[in-house]
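Structural overview for review
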Amino acid sequence: MLEVKNIKKSFGDLQVLKGVDVRVEKGDVVAVLGPSGSGKTTLLRCMNFLEKADEGILNFDGEEYDFRTIGRKDIAKIRKKTAFVFQNYNLFRNKTALENVTEGLIVARKMPKAKAKEIAMAALEKVGLSDRSSHYPHELSGGQQQRVAIARAIATNPEIIYFDEPTSALDPELIGEVLSVMRQLANEGMTMMVVTHEINFAKNVSSRVIFMEDGEILENAPSKEFFENPKEERTKAFIKSIAEQHTI
Amino acid sequence: MSEKVLNLLMDSFTKILIPGIKVTIPLTVISFSLAMVIAVLTAMVQYANIQGLKQLARFYIWIIRGTPVLVQLYIVFYGLPSVGIMLDPFPAAVAVFSINEGAYCAETMRAAIESVPVGQLEAGYCVGMSWWQIMRRIVLPQAFRTAFPPLSNSAIALVKDTSLAANITVAEMFMTTQRIAARTYEFLPLYCEVALIYLIFSTVLTKLQRAGEKRLNAHGFN
Ligand SMILES: Nc1ncnc2c1ncn2[C@@H]1O[C@H](COP(=O)(O)OP(=O)(O)OP(=O)(O)O)[C@@H](O)[C@H]1O
Ligand SMILES: [Mg+2]
């Protein structure tokens, strides 16, 4: 469904992505792990053109695009088939929860208001927030805001949702509610690519794990294999270090 | 205070207030509206980073903020006729005040637009919205909310600054007062009287600002 080949990105002298390949099939839940600064966020942002990659090929729905030359129209077309959930939610602060969800439907997709509202209410219901639809973001907890952001993402019926550390900005007691929504989406077959430090999510929910370090993918394996039988020494060390953190 | 002066003040009150309503207020309202249009456009070309226009915007703000408004009035009204541009007093005043105020409000608007977290712009792109749609529906409404108090401040300052238009023969409140004073020699009471009328205008604007802020707050986001 989606394939990225040899994507490269530098910020000034610093090469953050050194030729990364990713392949995502429909229904995959790909967890992206790796130490801080390894380029995980940059990879996701490049894939949705929030950052301009220096080089690379994107294959989306059978069509091939070059990151260097892709035009505004194609970017808009691909963005309408994808969604993005940010670490700090990025809800529209002047819109209610419901309006946050309908905005992309009414404004970007020219959907009739009544229909958009119906879809948005269903999306909010799914994330357990139908009773908060008329609240503004500042009237919601972090966990609720992130669930609105997820509702906003699923309402457009995307082929894939990118998540960039969706629980990292949350207080520990609010992480669970967001993860459980994500787990539910995964069970329903939503295609997802999730940058995360939640090792249990990677272990129990994701179907594949990608391990990044220094702008490269060190290991890319089915989830079970990744945790039970990692090939790379660095991967083993990383899994061990995380396991230790979790026992503290 | 002698009865004569009291009578003069009563008599002149309406004489001053009428040009206030007929000239000062329209001059302020028209100039400020045009200033806002200039300000939003100037702020947006900078935010959108449109090369050429952006430099032009900086140049405009630099020139206008770096020179006195009184000098600008003189240049437009007394200076431009020598190159064939002749404006009546009122339009000349409108031109100068809107261009002058526009430069200050542009900076207010730019700061307000930049204070909207860029993540919301990115989120807008990710749900498929275009730059224009995001500006119009997400960024500008929040920027106006942020800019409302400083913009109100500018509007209040403008009401008072319009008195400078007396220098280019616009028959606004201050000019009218000067004329009466020249006739009657009652400078202190008359200038105090016009000051009071300016104070009333500013107070009304301050009240409007309060009410406006209340409404914006009631509108939910902050
Ligand atoms: N806009 C930018 N300008 C300059 N350098 C950047 C920019 N964005 C990221 N970087 C640098 O690129 C590198 C990779 O950053 P990235 O955010 O992709 O890492 P990450 O794997 O997501 O890390 P974390 O787990 O901390 O979120 C870092 O060294 C970072 O400082
Ligand atoms: Mg990151």
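A few points on the structure. All values reported here derive from a predicted model rather than from experimental measurement. (Residues numbered from 1 in each chain as written. Chains lettered and ligands numbered in written order. Predicted model: local features only at pLDDT ≥ 70, side-chain atom pairs only at ≥ 80, totals over all residues. Heavy atoms only, no water.)

To continue, consider the pattern of salt bridges. Once their charged atoms are close, side chains differing in charge can pair, the charge on each being opposite to the other. Across all of its chains, the model carries 22 salt bridges over all chains by this definition. In this structure, the salt-bridge partner of Glu177 of chain A is Arg147 of chain A, at a minimum N-O distance of 2.9 Å. Pair noted here: Glu177 of chain A is in helix α6 (residues 172–187) and Arg147 of chain A is in helix α5 (residues 142–155), with a separation of 30 residues, a long-range link. Note on Glu177 of chain A: relative accessible area 23%, which makes it partly exposed. Using a relative accessible area of 11% as the deciding quantity, one classes Arg147 of chain A as buried. Residues participating in the shared-partner salt-bridge network are Arg58, Arg65, Glu107, Arg110 and Glu114 of chain B. (Salt bridge = Lys/Arg side-chain N within 4 Å of Asp/Glu carboxyl O. Helix = DSSP H or I, 4+ residues; strand = E, 2+ residues; numbered from the N terminus. Buried < 20%, exposed > 50% of the residue type's maximum accessible area, 1.4 Å probe, protein only.)

Attention now moves to the interface of chain A and chain B. Where the parts come together, the accessible area they lose is often given as the size of the interface. The interface of chain A with chain B comprises 24 residues on the first partner and 19 residues on the second. Contact between chain A and chain B buries roughly 1,900 Å² in total, counting both sides, with carbon and sulfur atoms accounting for 58%. Area buried by chain A at its contact with chain B is led by Phe92, Arg93 and Asn94 of chain A, which between them contribute 28% of it. For the pair chain A and chain B, the interface holds two salt bridges. Between Arg45 of chain A and Glu122 of chain B there is a salt bridge whose closest N-O contact spans 2.7 Å. Connecting chain A to chain B are eight residue pairs in polar contact (both at pLDDT 80 or more). (Contact = heavy atoms within 4.5 Å. Buried area = accessible area lost by both parts, 1.4 Å probe. Polar contact = N/O pair within 3.5 Å; in protein donor to acceptor, adjacent residues only side chain to side chain.)

Another point: the site of ligand 1. Residues and elements named next belong to chain A. Taken together, 13 residues sit near ligand 1, with Ser36, Gly37, Lys40, Thr41 and Thr42 positioned nearest. Within the backbone of Gly39, a nitrogen or oxygen atom sits 3.0 Å from an oxygen atom of ligand 1. Take Thr42: an N or O atom from its side chain is 2.5 Å from an oxygen atom of ligand 1. When the free accessible area of ligand 1 is taken as 630 Å², the share hidden by the protein chains comes to 60%. (Near = heavy atom within 4 Å. Areas by Shrake-Rupley, 256 points an atom, 1.4 Å probe, with all protein chains shown as cover.)

On to the sheet that holds strand β10 (residues 216–222) of chain A, then. Residue and element names in this part refer to chain A. Strand order in the open sheet formed by six strands is β6-β7-β8-β3-β9-β10, with mixed pairing between adjacent strands. Each edge of the open sheet carries a strand with a single partner, namely β6 (82–85) and β10. Across the sheet, the mean angle from the axis of one strand to that of its neighbour is 15 degrees, orientation sign disregarded. Direction of pairing for strand β9 (residues 208–213) relative to β10: antiparallel, over a ladder of six bridges. Looking across to β10, one finds that Val209 is bridged to Ala221. (Pairing = 2+ DSSP bridges. Axes fitted to C-alpha atoms, helices over the stretch in contact; angles between N-to-C directions.)

Glancing now at empty space enclosed by the protein. For the structure shown, the criterion picks out one cavity of 30 Å³ or more. There is about 60 Å³ of room inside the largest cavity. Arg79, Thr82, Ala83, Phe84, Phe86, Arg109, Arg152, Ala153 and Thr156 of chain A together with Ala123, Cys126 and Val127 of chain B together form the lining of the largest cavity. Secondary structure elements with two or more residues in the lining of the largest cavity: β6 and α5 of chain A together with α5 (118–126) of chain B. A total of three residues in the lining of the largest cavity trace back to one element, the largest contributor, which is β6 of chain A. (1 Å grid on protein atoms, 1.4 Å probe; cavity = no way out; pocket = protein on both sides within 12 Å on 5 of 7 lines; lining within 4 Å. Points joined across faces, edges and corners; volume = space filled by probe spheres on them.)

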